[in-house]
Amino acid sequence: MLSASLLSCGRQKEHTAPPVNERDSVSMMTSYGVNTLISDSGVIKYRIVTERWEVNTVRNPSRWIFEKGIFFEQFDEKYQVQSYIQCDTAYYYDQKKLWELRGRVRVLTGDGVRFASERLYWDENRHELYSDVHSRLVTPQRTIEGCRFRSDERMTDYEVYNSSGSFEKDGMLSGDNAADTSAISQDTLPDRHVRPQHRPVRNNK
């Protein structure tokens, strides 16, 4: 009996965890204090500055994660800064080439157009920007706000839905802008889709 009890005491149950098959929460690479240039087809096009950059290829879809925010510059063919984007959090779905920007999203283009929202998507395949939340667009000619926004990458051809807006005083007093009166009345009407007739000046450099 004594030997039997000793044997039973010696057979302790092992407390083991099940094998980890799905490692969705584990990043494959994490970099800190990043300031790097990114090229496309051998041409430098972007600069990324971020406190923390995680790469997770296990998640579906795979993604880059910038939970500490990101500052993003885009260059033209002459390596001049064409625009910049910054936000509190960003995700880049590398297979889809889609950016999802969240929290205090701010954009400034070379034409002086400013954009502000809490969420913005950038589709690199379609070369367009879009948002499904309240957004504010400020151009050298006017300010527009709406609940949805869509634009080309340079924000020279854009659409604002359910918008309201106004022109700057100097622009309204100028005789050259007399045709803009109809655009002002359009912008102040609720639940209207406004495609701006007066676009920002294009940068033809």
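Located above this text is the structure these notes cover.
Here's a quick rundown of the structure.

Attention now goes to the pattern of salt bridges. Per the stated rule, a full pass over the model turns up 7 salt bridges. R102 serves as the salt-bridge partner of E100, at 2.6 Å between the closest nitrogen and oxygen. The exposure class assigned to E100 is buried, which follows from its relative accessible area of 6%. Two residues, R119 and D132, come together in a salt bridge whose shortest N-O distance is 3.0 Å. With R119 in strand β8 (residues 114–123) and D132 in the loop between β9 (128–131) and β10 (135–138), this residue pair connects regions lying 13 residues apart in the sequence. Judged by its relative accessible area of 26%, R119 falls in the partly exposed class.

Among the nonpolar cores identified, the biggest contains 28 residues, and F66, I70, F72, W99, L101 and M155 are the most heavily contacted of them. Secondary-structure elements contributing two or more residues to this core are β2 (43–56), β3 (63–66), β4 (70–75), β5 (81–87), β6 (89–93), β7 (98–109), β8 and β13 (158–161). Beyond its immediate stretch of four places on either side in the chain, L101 contacts I85, C87, T89, A90, E118, R119 and L120. Counting residues in hydrophobic clusters, the runner-up holds 5 residues, among them I65, Y93, L98 and Y121.

Moving on to the environment of E145. Inspection of the secondary structure puts E145 in strand β11 (residues 142–146). Residue contacts for E145: discarding those within four places in its chain leaves H134, S135, R136, V160, N162, S163 and S164. Within polar-contact distance, the side chain of E145 engages the side chain of H134 at 3.0 Å.

The subject of this paragraph is the packing of aromatic side chains. All told, the structure shown has 12 aromatic pairs when counted by the stated rule. The interplanar angle of 35° and the centroid separation of 4.6 Å between the aromatic rings of Y92 and W99 together place this pair among those described as tilted. On the numbers, 5.2 Å between centres and 15° between planes, the contact of Y121 with Y130 is stacked. Ring pairs connect the aromatic residues Y46, W53, W64, F66, F72, Y92, W99 and W122, which therefore count as one cluster. If you follow R148 out to its NZ or CZ, it ends over the ring of Y161, 4.2 Å from the centre.

Reading the values: the criteria
Residues numbered from 1 in each chain as written. Predicted model: local features only at pLDDT ≥ 70, side-chain atom pairs only at ≥ 80, totals over all residues. Heavy atoms only, no water. Salt bridge = Lys/Arg side-chain N within 4 Å of Asp/Glu carboxyl O. Buried < 20%, exposed > 50% of the residue type's maximum accessible area, 1.4 Å probe, protein only. Helix = DSSP H or I, 4+ residues; strand = E, 2+ residues; numbered from the N terminus. Core = buried A, V, L, I, M, F, W, Y, C linked by side-chain atoms within 4.5 Å. Contact = heavy atoms within 4.5 Å. Polar contact = N/O pair within 3.5 Å; in protein donor to acceptor, adjacent residues only side chain to side chain. Phe/Tyr/Trp six-rings, centres within 6.5 Å; stacked < 30°, edge-to-face > 60°. Lys NZ or Arg CZ within 6 Å of the ring centre and 35° of its normal.

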